[in-house]
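Remarks on the overall topology
Given next are the chains, with one letter for each unit.
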Amino acid sequence: MADLKKTSVFISLILRHKPETVGIRLDEHGWANVDELISGINQTDGYDLDMETLEEIVRTDNKQRYSFNDNHTLIRANQGHSINVDVELEEKEPPETLFHGTGEKFVPSISEQGLIPKSRLYVHLSKDKETAEKVGARHGKPHIFLVKAGEMHRAGYKFYLSKNGVWLTKSVPKEFLSLILNR
Ligand code: HQG
């Protein structure tokens, strides 16, 4: 059996970015058919997935990245998509401050342009600095921006909270950002 982590990374790629890699399609709400996903993955060298293992991956995922529908015939990623699907995000009033961790190399551009979603549908924001630092470290030396989310919300910007606790918004203009950690 291929290890769970490797399979989970592959599932994340399929359900967020490239379902065509295993010859499947997502519906408009981002759902994939579970049987099709399993057989698609098993047609790829080095993978041997069954329902029990998929259930385990979903249950134990450290960021709770995936959800099943009620009868577990469909599966989708809770957030992080680059393909245009509507995962029925909950629009919600954000806390007064949120955080965004990024790599040092992006700081000058973000300071000039604000936060943009790049290849994803939304800018991803964290509720605490520790999480933001981990997200930032994926891109090199981490730097953290404080996001004045309450102020943005009062100015009419929409915020969404994903099923797995990630705050999302379309973009963050630079006037709502301040760089707080630089080490
Ligand atoms: C940066 C992980 C230049 C942005 C995490 C980020 C997250 C700009 C990078 C989720 C910019 C995009 C998403 C601008 C933004 N100029 N760079 N104007 N605006 N950027 O990976 O937020 O483990 O698409 O700062 O935990 O790093 O995959 O986004 O550094 O929740 O589940 O462009 O991915 O979750 O990088 O991470 P990403 P992200 P998973």
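Structure: above.
Summarised in this report is the structure supplied together with it. (Residues numbered from 1 in each chain as written. Predicted model: local features only at pLDDT ≥ 70, side-chain atom pairs only at ≥ 80, totals over all residues. Heavy atoms only, no water.)

1. Side note on the site of the ligand
The line we're drawing: Residue proximity to a molecule or strand is established when one non-hydrogen atom of the residue lies within 4 Å of it. Two N or O atoms count as a polar contact when they lie within 3.5 Å, although within protein this holds only if one can serve as hydrogen donor and the other as acceptor, and sequence-adjacent residues are included solely when both atoms are side-chain atoms. Accessible surface is estimated by sampling points in the Shrake-Rupley manner with a 1.4 Å probe; for residues, cover comes only from the protein chains shown. Under the DSSP-based scheme used, a helix requires at least four consecutive residues in state H or I and a strand at least two consecutive residues in state E, with every element numbered from the N terminus. Three residue categories are used. Nonpolar comprises Ala, Val, Leu, Ile, Met, Phe, Trp, Tyr, Cys and Pro, charged comprises Asp, Glu, Lys and Arg, and polar comprises the others, including Gly. Start and end positions for the domains come from either an automated domain assignment or a database one.
In the vicinity of the ligand, 18 residues are found, and the nearest of them are H100, T102, S109, R120 and H139. Between an oxygen atom of the ligand and a side-chain N or O atom of T102, the distance comes to 2.7 Å. The contact in question runs from a nitrogen atom of the ligand to an N or O atom on the side chain of Q113, over 2.8 Å. For the ligand, whose free accessible area comes to 790 Å², the fraction covered by protein is 90%. The set of elements that each furnish at least two residues to the shell around the ligand consists of β5 (98-103) and α4 (107-113). No other element matches the three residues that α4 contributes to the shell around the ligand. Of the residues that constitute the shell around the ligand, the class distribution is five nonpolar, seven polar and six charged. Composition of the shell around the ligand by domain shows at least three residues from each of domain 1 (4-77) and domain 2 (98-180).

2. So, the environment of L13
Here is the rule we go by: The buried label applies to any residue whose accessible area, calculated with a 1.4 Å probe on protein chains only, is under 20% of its type's maximum; exposed applies above 50%, and partly exposed to all values in between. For this analysis, residues touch if any pair of their heavy atoms sits within 4.5 Å.
Tracing the backbone through its elements, the reader meets L13 in helix α1 (residues 4-16). Residue class for L13 comes out partly exposed when judged on its relative accessible area of 30%. C-alpha of L13 to C-alpha of P117: the two residues are 104 residues apart in sequence and 17 Å apart in space. Excluding residues that lie within four positions of it along the chain, L13 makes contacts with K18 and T21.

3. Examining α1
Short version of the rule: One less than the number of residues in a helix, times 1.5 Å, gives the span that helix is expected to have.
The first and last C-alpha atoms of α1 sit 18 Å apart over 13 residues, in line with the 18 Å expected at 1.5 Å per residue. All of the buried residues in α1 are T7, S8, F10, I11, S12, I14, L15 and R16. Structurally, α1 contributes buried residues whose contacts are with β1 (32-33), α2 (34-42), α3 (51-60), β2 (66-68) and β3 (74-77).

4. Description of the environment of K127
Along the chain, K127 turns up in the loop between β6 (123-125) and α5 (129-137). Classification of K127 as exposed rests on a relative accessible area of 56%. On a C-alpha basis, the gap between K127 and P117 in space is 18 Å, while along the polypeptide they are 10 residues apart. Apart from residues lying up to four places away in sequence, K127 is in contact with L98, F99 and W167.

5. Considering the pairing of β5
The condition that has to hold: Only strands that DSSP links by at least two bridges are regarded as paired with each other.
Among the six residues in β5, six count as buried, and that is most of the element. Relative to strand β7 (residues 142-147), β5 is paired through six bridges, and the arrangement is antiparallel. The residue of β7 that forms the bridge with G101 is I144.

6. Topic: the sheet that holds strand β9 (residues 167-169)
A sheet is described by the order of its strands in space; here four strands give the open sequence β4-β8-β9-β6, paired in antiparallel fashion. Looking along the sheet, the strands with just one partner apiece sit at the ends: β4 (90-91) and β6. Taken together, the two bridges between strand β8 (residues 160-161) and β9 define a ladder with antiparallel strand orientation. Bridged to Y160 within β9 is L168.

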